[in-house]
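Observations on the model geometry
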4 protein chains.
Amino acid sequence: MDKTVQPKKPETLPRKASRDARRLQLIESTILTIGRCGYAKTTLTEVANTAGLSHGLINFHFKTKEQLLVDTLLFIAQEYRDNWVKAIETAPDAPAARLDAMIRADFNDVVFTPDRLAAWCAFWGEAQSRPIYQEMCGANDREYARILEETSVALVNEGGYGVDGIDAARVIRILLEGIWLDQITGNNRYSAEVAMRTAFTAVAALFPRHFSPDGLRVPGPAG
Amino acid sequence: MDKTVQPKKPETLPRKASRDARRLQLIESTILTIGRCGYAKTTLTEVANTAGLSHGLINFHFKTKEQLLVDTLLFIAQEYRDNWVKAIETAPDAPAARLDAMIRADFNDVVFTPDRLAAWCAFWGEAQSRPIYQEMCGANDREYARILEETSVALVNEGGYGVDGIDAARVIRILLEGIWLDQITGNNRYSAEVAMRTAFTAVAALFPRHFSPDGLRVPGPAG
Amino acid sequence: MDKTVQPKKPETLPRKASRDARRLQLIESTILTIGRCGYAKTTLTEVANTAGLSHGLINFHFKTKEQLLVDTLLFIAQEYRDNWVKAIETAPDAPAARLDAMIRADFNDVVFTPDRLAAWCAFWGEAQSRPIYQEMCGANDREYARILEETSVALVNEGGYGVDGIDAARVIRILLEGIWLDQITGNNRYSAEVAMRTAFTAVAALFPRHFSPDGLRVPGPAG
Amino acid sequence: MDKTVQPKKPETLPRKASRDARRLQLIESTILTIGRCGYAKTTLTEVANTAGLSHGLINFHFKTKEQLLVDTLLFIAQEYRDNWVKAIETAPDAPAARLDAMIRADFNDVVFTPDRLAAWCAFWGEAQSRPIYQEMCGANDREYARILEETSVALVNEGGYGVDGIDAARVIRILLEGIWLDQITGNNRYSAEVAMRTAFTAVAALFPRHFSPDGLRVPGPAG
DNA sequence: GATGAATGAGCCTTCATTCAT
DNA sequence: GATGAATGAAGGCTCATTCAT
């Protein structure tokens, strides 16, 4: 979440920027363009204009437009994965804490930005007719779902909840995606705080002894 | 779920079909095409081929491609609205029963079909960059959200739940959308039953005295 | 210049109008459409709308669009010819009187109308690339030119003018066409009176003893 | 009449011709195509073929076909204006000499070429239904008319002619346009010499002491 | 005769891709 | 590396023509 998502401004890039920096710059421009113009109206010329470069350059760094889009999806997918992996790694080793960390990661300002949300939504819209998009994200998604399920099941056991852990995990996963979608399609964009509260409202209903609508309950002295 | 969504097969339509029947036929073909090819690759020629008609006819019944897409969105939006309105009207006059009806309506075989889901998802992907799409569905969406909130608040009062009714309504609304999205983007399409169970799992967690993961609790003799 | 140019209003035509009346009605609509939309933008649908008929009907009365245009040109060409032939026939049998009649005929309200002028101008614009148009009018034009030349030569002889009769005829013929063109292309449409005065200004310069800028000189008692 | 109207042949233009040269080349091809095919049948593909280039290039240099046609008209209008302005500037400072120069300019081989005449005639045919065409040339036309009138009035005063100077100017202006039109629509194309003699025949009739059918009279030793 | 739905050729336009400079 | 002119395939749209009713 450092340099990769905040490349220098195009005009300040040294003309002989490294290949990777140019690629990143074009990928960022692609994300912005998809958000602004939509997937269907994203043209190489517009991406190039956004980047302040000539459109001919894109075909130098990416063989085809399709490749640019695939690489862009791979980029935000990897960025998303890095985000929640890091959140889990730094979270305390307890199911509730891990779940809390995973949810909060979904709304931090690396991945929960208007342009990222818009790009994701555009890709979702095309995914159905482009198996390659699903394949690309499938492994990540399955791993995410698996970890969420493990955490949920562990939490059910720990808390003695009556809910099915797998079902609960699915509810949480789908709700998180739904919130992202709602940000784009709804007329009312709300803050990350409200979005998170929505997620935790459901989690608190599922796991009331561990969560409140504000998130993980911090045990008091009387635990 | 009868004649409105299943017009006669193109080839069985009399050559001189009425204007409305042809329009409906072309809209259905558009929905199918969007589902099969995605929004970006939906061409008039493909829509015409799907309908078994010439592409020139589309411009005869719809002035432009844009108009065809707009009318298609209006059609499925109206269809969706008719579906839940009818469900509410025929449901018993109690908050829990109404909520149960609204949720079940989301998964009946009029609206919860692969082609409808795919079309919705495609439109969502474009909605961000096309304010007209949001405007078209905005009124319906707001009414749906309002009714869901009223029902949720009434249920909270009736059941003495600790959850915030507005928050609960938002969770349910977003979860329902999320399930639809998950059907399209996920590699694993599950049945309407599993989808509904996912929804009711959350609802049961929010309103446990009225709902179980299988839906509305039917009060036994001892209440 | 009677019924042929003033068919009854379309809506008042009996539904079972004779073929010829329908043809005339469509030809008049074609003239109007060419004037309003230009040759390049004249479509059968627009012609039909102007006539208040369905466009399918045109192909019933005229095999093709090309045929409609050809017949329209033939119609106004014949109308134009009838006009000057009649003028000559009713003029006194003297070169000056005949010339005066021919010139005045060019500006009477049968042929010198905005829609006729516009149609002529449109056909002229296409004539260069459509030899058929030139061929159609060629005979008429040559006959008109021949008569004008004969008249001019006779007048030169009669008046003892120094000008070449053939040259003078060409000047007059071209000037008359130029005035029509000027009506269409110029920003300033002037009246038939001004137009005629322009023509007679030139004729008076060529044949001063017979003509003044107001037309044929009427010999006084002292002749 | 040198480089501006005779760009290098398409096939000899270096592939990376400057933008202006390409634009000029395409405008020339447009003029040729209008002359050969007529306005209504002038397609971008035909223009491109005439230029030996691909049709896609036209939309690269001219945003739309309409823009190409507008720019083409602007080009020949400017070319025409440059031609008579230059003629006036180099003519002796006397009304008769100026008039002589203006008339001769109309028939020199920069502007009096078959393709130019055809293009003008095509534009005239469309001008009536396209106000933009009239607007574009209006200023030039009015200036030309004004100068012609001033010259004519001065000549009337100088020569003591009985004709109205304004009327005479109109006759000349319209006759010049008529001659151009006659070149296109007539079956008989005559040479620039015959055309000019036609014009001077009228001018000589109007201003006999200054002009003969061959043009400006050169005063002999006895005046 | 008359209508208007239906067809399909041909147009303008967009845009991914190539390539000379 | 970088630019932008040039190409050509493909899409949307128009409209003359056909034809069932």
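Residues numbered from 1 in each chain as written. Chains lettered and ligands numbered in written order. Predicted model: local features only at pLDDT ≥ 70, side-chain atom pairs only at ≥ 80, totals over all residues.

**Remarks on the overall build of chain A**
Quick reminder of the rule: Numbering of helices and strands runs from the N terminus, with a helix taken as a DSSP run of H or I at least four residues long and a strand as a DSSP run of E at least two residues long. With C-beta atoms placed from the backbone, the exposure class of a residue follows from how many other C-beta atoms lie within 10 Å of its own: 20 or more, buried; 12 or fewer, exposed; in between, partly exposed. We call two residues in contact when the distance between their C-beta atoms, placed using the backbone, is within 7 Å.
The helix and strand tally for chain A stands at nine helices and two strands. Reported as C-alpha extents along the three principal axes, the dimensions of chain A are approximately 65 × 35 × 30 Å. Taken over 223 residues, chain A has a buried fraction of 43%. Across chain A, every contact between residues at least 6 apart in sequence was considered, and the portion connecting residues at least 24 apart equals 57%.

**With respect to the packing of helix α8 (residues 165-185) of chain A against helix α9 (residues 192-206) of chain B**
Counted only if it meets this: To get an axis, fit a line to the C-alpha atoms, keeping to the stretch in contact for a helix; angles then go from 0 to 180 degrees between the N-to-C directions. Any angle that is under 35 degrees is reported as roughly parallel, and any over 145 degrees as roughly antiparallel; angles of 65 to 115 degrees are reported as roughly perpendicular and all others as oblique.
Interhelical geometry of α8 of chain A versus α9 of chain B gives an angle of 90° and a closest axis separation of 9 Å. Classified by the interaxial angle, the pair formed by α8 of chain A and α9 of chain B is roughly perpendicular. Contacts between α8 of chain A and α9 of chain B involve D167, A168, R170, V171 and I174 of chain A from the former and R197, T198, T201 and A202 of chain B from the latter.

**As for the packing of helix α5 (residues 95-105) of chain C against helix α7 (residues 131-159) of chain C**
All names here are of chain C. Rules: Left-handed describes a crossing whose near helix is turned anticlockwise from the far helix through less than a right angle; right-handed describes the clockwise counterpart. Polarity classes work like this: nonpolar for Ala, Val, Leu, Ile, Met, Phe, Trp, Tyr, Cys and Pro, charged for Asp, Glu, Lys and Arg, and polar for all others, with Gly in that last group.
The N-to-C vectors of α5 and α7 enclose an angle of 140°; their axes lie 9 Å apart at closest approach. One finds that α5 runs oblique with respect to α7. Judged by the sense of rotation from one axis to the other, the crossing of α5 with α7 is left-handed. Residues P95, A96, R98, L99 and M102 of α5 pack against L148, T151, A154, L155 and E158 of α7. Split by residue class, the contact of α5 with α7 holds seven nonpolar, one polar and two charged.

**Thoughts on the interface of chain D and chain C**
In this assembly, 41 residues from chain D lie in contact with 41 residues from chain C. Counting residues per element, the ones that place at least two in the side of chain D that touches chain C are α1 (19-37), α6 (114-127), α7 (131-159), α8 (165-185) and α9 (192-206) of chain D. A per-class count over the side of chain D that touches chain C returns 20 nonpolar, twelve polar and nine charged.

**Overview of the relation of the copies chain D and chain C**
Note the cut-off: In superposing the copies, a least-squares fit is computed on C-alpha atoms, taking residues whose pLDDT is at least 70 in both.
Mapping chain D onto chain C calls for a rotation angle of 180° and an axial translation of 0.0 Å; the resulting RMSD is 0.1 Å. Such a combination of rotation and displacement between the chain copies is what one expects of a two-fold axis. Here 100% of the interface residues in chain D have copies in chain C that are interface residues too; the copies meet face to matching face.

**Observations concerning the relation of the copies chain A and chain B**
The two copies are related by a screw motion: chain A maps onto chain B through a turn of 180° and a shift of 0.0 Å along the axis, at an RMSD of 0.1 Å. Of all interface residues in chain A, 100% are interface residues in chain B too; the two copies therefore contact each other through one and the same surface.

**With respect to the environment of A40 of chain C**
If you trace the backbone, A40 of chain C turns up in the loop between α1 (19-37) and α2 (44-51). Expressed as a C-alpha distance, the spacing of A40 of chain C and A122 of chain C, which sit 82 residues apart in the sequence, is 8.8 Å. Apart from residues lying up to four places away in sequence, A40 of chain C is in contact with Y39, A40 and E126 of chain D.

**Some remarks on the interface of chain A and chain B**
Facing the 41 residues of chain A at the interface are 41 residues of chain B. Elements represented by at least two residues in the side of chain A that touches chain B include exactly α1 (19-37), α6 (114-127), α7 (131-159), α8 and α9 (192-206) of chain A. The element that contributes the greatest number of residues to the side of chain A that touches chain B is α8 of chain A, accounting for 13 residues. Class assignment of the residues belonging to the side of chain A that touches chain B gives a composition of 20 nonpolar, twelve polar and nine charged.

**Re α8 of chain D**
In an α-helix, one full turn covers 3.6 residues, which means residues spaced three or four apart are oriented alike. Applicable threshold: A helix is expected to span 1.5 Å multiplied by its residue count minus one.
Between its first and last C-alpha atoms α8 of chain D spans 30 Å; for 21 residues at 1.5 Å apiece the expected length is 30 Å, and the two agree. Counting buried positions along α8 of chain D yields 20 of 21 residues, so the element is predominantly enclosed.

**Some words on the confidence of the model for chain A**
Parts of the model with low pLDDT should not have their predicted coordinates read in detail. All names here are of chain A. Keep this limit in mind: What pLDDT reports is the predictor's confidence in each residue, on a scale of 0 through 100.
When pLDDT is averaged along chain A, the result is 89, and 90% of the positions lie at 70 or above. Of all helices and strands in chain A, the one with the weakest mean pLDDT is α6 (92), whereas helix α5 (residues 95-105) scores best (97). Scored below 50 in pLDDT, residues 1-12 makes 16 contacts in the model with residues more than four places away or belonging to other chains.

**Side note on α9 of chain B**
Along its 15 residues, α9 of chain B runs 21 Å from first to last C-alpha, staying within 8% of the 21 Å computed at 1.5 Å per residue. Taking burial as the measure, the 15 residues of α9 of chain B include twelve buried ones, the bulk of the element. Restricting attention to buried positions, one finds in α9 of chain B the residues A195, M196, R197, T198, A199, F200, T201, A202, V203, A204, A205 and L206 of chain B. Against the buried residues of α9 of chain B lie α8 and α9 of chain A together with α5 (95-105), α8 (165-185), β1 (211-212) and β2 (215-216) of chain B.

**Things to note about the arrangement of the chains**
For chain B and chain C, which are not in contact, the least C-alpha distance works out to 13 Å. With respect to C-alpha atoms, chain B approaches chain D no nearer than 19 Å, and the pair has no contact.

**Thoughts on the environment of K86 of chain A**
Along the chain, K86 of chain A falls in helix α4 (residues 65-90). Considering only alpha carbons, one finds K86 of chain A and A101 of chain A, 15 residues apart in sequence, at a separation of 9.5 Å.

**Comments concerning the environment of T33 of chain C**
Residue and element names in this part refer to chain C. Mapped onto the fold, T33 is located in helix α1. On a C-alpha basis, the gap between T33 and S212 in space is 38 Å, while along the polypeptide they are 179 residues apart. Those residues within four positions of T33 in sequence are excluded, and the remaining contacts are T42, E46, V47 and T50.

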